[in-house]
Amino acid sequence: MFSSLLCVCLETVITLPSSTSSLLSGDLSANVINSCMYISLQTSVAQERDRQVGSVSLDSAVCTTLCAERKNVILVGPEGAGKTTALEKLVLDWAKGERLQSFIYVFHFNLKELNGLQEMLSLETLMLRHSCVPPDSMTPLLQNSEHVLLVFDDLHVFSHCLDPSLHTLCADPCQVVSPGCLVASLLHGSLLKGASFVVASRQSGRLKFLSGTQMEVLGFLKPQREAYFNRAFTDPTLANKAIAHLEKTLGFYEFCSSPRFCWTVCSLYKSLMNAGEELPETVSQLCVGVLVYLIQEVLLTTACSRELMLALGKMASHCFLNQHLSCTREELGSFGLEKFLEAAAVFLQVDGEQLDTRVFSFPSQLMQEFLIAVSYLWSSASTEGVEEILEKHRGHAKLLDSFLSALSEPVQRRPLETVLGEPNADRVADFKRWLKSSSEEALRGYHKDQHHHYFHLLHQAQSKSLVKEVITITARMGISYADLSLQESVALNYVVECLGEMEKLNLYLSRNLTEEQVEALAPAMSLSHQIMLMDSRLSSGAVAHLASALSRGITTELDLSQSQLGDEKFKVLCAGLRDCKLTTLKLQVCRLTELSCDDLASVLSSGTARLQRLAMRHNQIGDRGFVKLCTGLRSPHCKLQELQIQSCKLTAASMGALSAALTSGQSELRKVDLTLNSIGLPGVASLCEALQHPSCKLQRLVFYDCSLTGESCPHFKEALMSKHCRLSELDLSVNELGQEGALLLCHALGRPGCPVEKLGCDLNKPVFEELGSLLRSGSSLLKSLSVGLNKVGDQGVKHLWEAVAHPNCLLEELDVEMTSLTDACVEDLCAALRATKTLRNLGLSNNSLTDYASSSSYNDFSEDVFEVFETCDKIRF
């Protein structure tokens, strides 16, 4: 009974002759199933632990839901996603005894065909008409409805209302009602109560009237596409070439998940490969190839082909603007298609058995949009400008401006010119003017979405000269292009390749950079002088492509701060760091541990690495890791000059290794920042001893907030008094040095020839007095002084104002933030500003300077002070 029932059920769906042989319509479901070309589609599923969305086989998900949970299933997906074929495969598997065996009866209805029913009928009549169930079997069937599965296809085109409030739903299978009421009664459970159903539909307002488990039909993801191409091409080499090309050029578009689209691509690729022609590089070129192929199929003259395209363009625009999925034959006449009905069938899907009731629709929305672009550029009419046509179709035709961009370039449209003649030159010129002006305007702004959009248009145009013409020096190419899609990555990469190089590739806050995205961006990365990946997240595969781009590129600075890279991914990155042009690497807050230090030391000592600046703040490398890193610093091949290793859990235990590196005669280190590490007195003693060594080249040393006390100051004094000391910058801020220790430092700074030009330190009032005397003495080389966070008040800082006014003072930068200054110091401050010959920067933030209006953070200055500021135009406040 199963096989005979299936035969009749499938006859209306599978064995009907195709209404068109168009390259756009896809293969018949029966052919797909019988030729073993069927590949299960994918549907999304939520993973409970991390709430991420994965994908599973649609066939399995539907069967599991129907059999295990006895729920209704609603399949939702775009046109060409394979919903019809999936339903027919489901019914066929049931008939073979492979699936859904808990159901005794399965009825398969195409709702598009039910649209043509004008008569009133009962459920019993409908089932007898669509199956070979004997009349005497109908009663037990209706009485055991829990064993019945109803399969409905094409819900989105069902012309009757499904709103239960607008029907008097029936419960009697013998009651004669309208087709709309009949289907509504079945779907809402009043008829055949207890039966299950599977419904397939595109997104539609009708879905809100249904209850059940809704499943998104994802179609072919990359693995399914690969499997499909391998079956479609008999030659594995050609199959690999075809799928690799598709993924590179089109794999980032949503429509690539459509089995129908994959069938079209396979068909066109085979044709092009057999003819020895190049495969398309963009979706526009693909559409050009498809359209030329179809036009050649209809065997019309150039003039007639052009007229046909213009008529199809009118129909395409009408369907978009009026949200019609199909048109009647009468409507076709209004577009000028009446005399092209036979030829139009190659481009359209034709449904309906009777000539007068047939409806015509576009099997491909992609080609529907492309036809609008073709008809606009090849039309001789000039009633609409490019802004009008784009605005009219905004929100409907998503790729219209992309297609216009491609067709405005002679090389892109040349194949079409062979079958349609040349386009309207005025319209082409009008579009190119619009593209250039609107692109330039968008690229002067900071809206990254607009940048991405015009990069996409330039990518479709495939014109290197156009890219260079549009992206001028005024373009803001340094803004962050975070969270790019794969499509945006491809377009951005194309633009950078056309430009030849990029100053800064800013991908700040890219939360999920996949392997595919970075693979697409790798050429652009290799052409970028700086790559900004702060606060981004890269997969392991993405890091491998980044490493490869670095090894063959021109990048000199890479910022991976807060990327949570981790040791494993960093090891992958090091493969590219060993042989690249990188001079600056920022790895702050990257979750690196001791394990990464071996790899980093290997890079530094490789002989091919060019790293000069390395920032590793807030990584848990500890003393053992730093000791390993220091082995790289001692290498004669190490070129590192600046090391920022703040807050890395270092203690005095690893300072000996650093001191050994500094005195080895091999190290090129000029600056070391040890902020927020507990160095301790032994660590200071070891480093100060290194500063006195003739081989030590260190010039800048930062001990900010390292828990130092006055006990360390004798060591600093001894180092600064040494004739071999080259230290020009010493930052001891936020350390409790005490008055005695600070005075020792001042004495050392007064030594003739002491190289220190920049000092940061916490001081009290007596030390301020000593420091002021030092600055006036003429023996100090100090040019930058930071004494903020010392609440010495006006009387303490007064010594500095007097020093600033003195001709012997060389200070160019002075920071007195949070020193408790009040209005009482304004007179001394203004006198100093008028007298100074050297001061260029003055920091006054967070003091209690009040009066009239704000000029510096958290200070209110009087107008008198403003006047002084205006006369000191060389000073930055």
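Residues numbered from 1 in each chain as written. Predicted model: local features only at pLDDT ≥ 70, side-chain atom pairs only at ≥ 80, totals over all residues. Heavy atoms only, no water.

**With respect to the overall build of the protein**
Part 1 of the argument: Assigned secondary structure in the protein consists of 36 helices and 25 strands.
Part 2 of the argument: For the protein, the C-alpha radius of gyration of 38 Å lies well beyond 29 Å, the compact-globule estimate for 877 residues.
Part 3 of the argument: Among the 877 residues that make up the protein, the fraction classed as buried is 54%.
Part 4 of the argument: When the accessible area of the protein is evaluated, it comes to approximately 37300 Å², of which 49% is carbon and sulfur surface.
Part 5 of the argument: A distance of 5 Å separates the average location of the 77 positive side-chain charges in the protein from that of its 100 negative side-chain charges. (Helix = DSSP H or I, 4+ residues; strand = E, 2+ residues; numbered from the N terminus. Rg over C-alpha atoms; globule rule 2.2 N^0.38 Å. Buried < 20%, exposed > 50% of the residue type's maximum accessible area, 1.4 Å probe, protein only. Areas by Shrake-Rupley, 256 points an atom, 1.4 Å probe, with all protein chains shown as cover. Lys, Arg positive; Asp, Glu negative; His and termini not counted. Charge placed at Lys NZ, Arg CZ, Asp CG, Glu CD.)

**Here we look at the packing of helix H32 (residues 738–749) against helix H33 (residues 765–777)**
Part 1 of the argument: Where H32 meets H33, the closest approach of the two axes is 10 Å, and the angle between their N-to-C directions is 5 degrees. As summarised for this structure, H32 and H33 are arranged roughly parallel, according to the angle between their axes. Across from Gln 739, Ala 742, Leu 743, Cys 746, His 747 and Leu 749 in H32, the residues of H33 making contact are Pro 766, Val 767, Glu 770, Leu 771 and Leu 774.
Part 2 of the argument: Residue composition of the contact of H32 with H33, by class: eight nonpolar, two polar and one charged. (Axes fitted to C-alpha atoms, helices over the stretch in contact; angles between N-to-C directions. Parallel < 35°, antiparallel > 145°, perpendicular 65-115°, else oblique. Contact = heavy atoms within 4.5 Å. Nonpolar A, V, L, I, M, F, W, Y, C, P; charged D, E, K, R; others polar.)

**Points about helix H8 (residues 179–187)**
Part 1 of the argument: For H8, the buried fraction is high: nine of the nine residues fall into the buried class.
Part 2 of the argument: Turning to H8, its buried residues are Pro 179, Gly 180, Cys 181, Leu 182, Val 183, Ala 184, Ser 185, Leu 186 and Leu 187.
Part 3 of the argument: In the core, the buried residues of H8 are packed alongside helix H5 (111–114), helix H6 (123–129), strand S5 (148–153) and strand S6 (196–201).
Part 4 of the argument: Of the residues flanking the end of H8, it is Gly 189, one or two places downstream, whose phi is positive at about 85 degrees.

**Observations concerning helix H18 (residues 400–407)**
Part 1 of the argument: Along H18, eight of the eight residues are buried, which leaves the element largely enclosed by surrounding structure.
Part 2 of the argument: Among all positions of H18, only Leu 400, Asp 401, Ser 402, Phe 403, Leu 404, Ser 405, Ala 406 and Leu 407 are buried.
Part 3 of the argument: If you follow the buried residues of H18, they end up packed against helix H12 (283–298), helix H16 (365–378), helix H17 (386–392), helix H19 (410–420), helix H20 (425–443) and helix H21 (448–461).

**Quick notes on the packing of aromatic side chains**
Part 1 of the argument: Summed over the entire model, instances satisfying the criterion amount to 13 aromatic pairs.
Part 2 of the argument: An aromatic cluster is defined as three or more aromatic residues linked by ring pairs; in this entry it consists of Phe 220, Tyr 228, Phe 229 and Phe 233.
Part 3 of the argument: The aromatic ring of Phe 233 is capped on one face by Lys 270, whose charged end is 5.6 Å from the ring centroid. (Phe/Tyr/Trp six-rings, centres within 6.5 Å; stacked < 30°, edge-to-face > 60°. Lys NZ or Arg CZ within 6 Å of the ring centre and 35° of its normal.)

**Topic: the side chain of Ser 317**
Part 1 of the argument: Along the chain, Ser 317 turns up in helix H13 (residues 302–321).
Part 2 of the argument: Of note is the side chain of Ser 317, whose polar atom sits 2.7 Å from the side chain of His 393.
Part 3 of the argument: Each residue touching Ser 317, except ones within four places of it in the same chain, is listed here: Ile 372, Lys 392 and His 393. (Polar contact = N/O pair within 3.5 Å; in protein donor to acceptor, adjacent residues only side chain to side chain.)

**Some remarks on the pattern of salt bridges**
Part 1 of the argument: Enumeration according to the criterion identifies 22 salt bridges in this entry.
Part 2 of the argument: Two residues, Glu 338 and Arg 329, come together in a salt bridge whose shortest N-O distance is 3.1 Å.
Part 3 of the argument: Overall, the relative accessible area of 37% leaves Glu 338 in the partly exposed class.
Part 4 of the argument: For Arg 329, a relative accessible area of 24% translates into the label partly exposed.
Part 5 of the argument: A salt bridge links Asp 599 to Lys 571; its shortest N-O distance comes to 3.0 Å. Taken together, the residues Asp 599 in helix H27 (residues 594–604) and Lys 571 in helix H26 (residues 566–577) connect sequence positions 28 residues apart.
Part 6 of the argument: Each of Glu 594, Asp 598, Arg 624 and Lys 628 takes part in salt bridges that share partners, so that together they form one network. (Salt bridge = Lys/Arg side-chain N within 4 Å of Asp/Glu carboxyl O.)

**Section: the sheet that holds strand S8 (residues 326–328)**
Part 1 of the argument: Across the sheet, which stays open at both edges, the three strands sit in the order S8-S10-S9 with antiparallel pairing between neighbours. The sheet terminates laterally at S8 and strand S9 (349–351), the two strands that pair on one side only. Direction aside, neighbouring strands of the sheet carry axes that sit 30 degrees apart on average.
Part 2 of the argument: Across three bridges, S9 lies against strand S10 (residues 359–361) in antiparallel orientation. For Val 350, the partnering residue across the bridge sits in S10 and is Phe 360. (Pairing = 2+ DSSP bridges.)

**As for the domain arrangement of the protein**
Part 1 of the argument: Structurally, the protein comprises domain 1 (1–218), domain 2 (222–279) and domain 3 (284–440).
Part 2 of the argument: The junction of domain 1 with domain 2 conceals about 1300 Å² of combined surface from both sides, 63% of it contributed by carbon and sulfur atoms.
Part 3 of the argument: Looking only at domain 1, the three residues that lose the most surface to domain 2 are Leu 23, Met 37 and Ile 39, adding up to 42% of its buried area.
Part 4 of the argument: Counting across the domain 1 and domain 2 interface gives one salt bridge.
Part 5 of the argument: A salt bridge links Arg 260 to Glu 79; the shortest N-O distance between them is 3.1 Å.
Part 6 of the argument: One can count six residue pairs in polar contact (both at pLDDT 80 or more) joining domain 1 with domain 2.
Part 7 of the argument: Its residues assigned to classes, the side of domain 1 that touches domain 2 shows nine nonpolar, seven polar and two charged. (Domains from an automatic or database assignment. Buried area = accessible area lost by both parts, 1.4 Å probe.)

**Looking at the environment of Phe 370**
Part 1 of the argument: Looking at the secondary structure, you find Phe 370 in helix H16.
Part 2 of the argument: Note: C-alpha distance between Phe 370 and Gly 566 (196 residues apart in sequence) is 47 Å.
Part 3 of the argument: Among all residues touching Phe 370, those that are not within four sequence positions of it are Ser 284, Cys 287, Val 288, Leu 291, Phe 403, Leu 407 and Leu 416.

**Quick notes on a nonpolar patch on the surface**
Part 1 of the argument: On the surface, Tyr 704, Leu 789 and Met 818 cluster together to form a nonpolar patch covering roughly 250 Å² of accessible area.
Part 2 of the argument: By the element assignment, Tyr 704 lies in the loop between strand S18 (700–702) and helix H31 (713–721). (Patch = residues over 30% accessible without salt bridge, like charges linked within 9 Å, V, L, I, M, F, W, Y side chains within 5 Å.)

**A closer look at the state of the cysteines**
Where two cysteines share a covalent bond between their sulfur atoms, that bond is called a disulfide.
Part 1 of the argument: Counting across every chain of the model gives zero disulfides.
Part 2 of the argument: Its sulfur unpaired, Cys 580 is 10 Å from the next cysteine sulfur, which belongs to Cys 574.
Part 3 of the argument: Cys 580 sits in the buried class, given a relative accessible area of 6%. (Disulfide = S-S within 2.5 Å.)

**Focus: the environment of Ala 381**
Part 1 of the argument: Within the fold, Ala 381 resides in the loop between H16 and H17.
Part 2 of the argument: Residues Ala 381 and Asn 424 lie 43 residues apart in sequence; the distance between their C-alpha atoms is 8.9 Å.
Part 3 of the argument: Ignoring anything within four residues of it in the chain, the contact list for Ala 381 reads Asn 424 and Arg 427.

**Here's the deal with the environment of Ala 200**
Part 1 of the argument: Here Ala 200 lies in strand S6.
Part 2 of the argument: A sequence separation of 114 residues divides Ala 200 from Ala 86, and the C-alpha atoms of the two residues are 9.5 Å apart.
Part 3 of the argument: If near-sequence neighbours (up to four positions away) are discounted, Ala 200 is found in contact with Leu 75, Lys 83, Leu 87, Phe 152, Asp 153, Asp 154 and Leu 155.

**Some remarks on the confidence of the model for the protein**
Part 1 of the argument: Confidence along the protein averages 87 in pLDDT terms, with 91% of residues attaining 70 or more.
Part 2 of the argument: Scored below 50 in pLDDT, residues 1–21 shows 43 contacts in the model against residues more than four places distant or in partner chains.
Part 3 of the argument: In this model residues 47–52 is a low-confidence stretch, pLDDT under 50, and it forms four contacts with partners more than four residues away in sequence or in other chains. (pLDDT = per-residue confidence, 0-100.)

**A short note on the pairing of S5**
Successive residues of a regular strand alternate their side chains across the two faces of the sheet.
Part 1 of the argument: Of all the six residues making up S5, six are buried; the element is thus mostly covered by neighbouring parts of the structure.
Part 2 of the argument: Going residue by residue along S5, you find Val 148, Leu 150 and Phe 152 tucked away on one face and Leu 149, Val 151 and Asp 153 tucked away on the opposite face as well.
Part 3 of the argument: In the sheet, strand S4 (residues 105–110) pairs with S5 via six bridges, with the strands oriented parallel. Residue Val 106 lies in a different strand from S5, and its bridge partner there is Leu 149.
Part 4 of the argument: Here S5 runs beside S6; their pairing, made up of four bridges, is parallel. By the bridge assignment for S6, Leu 150 is matched with Phe 197.

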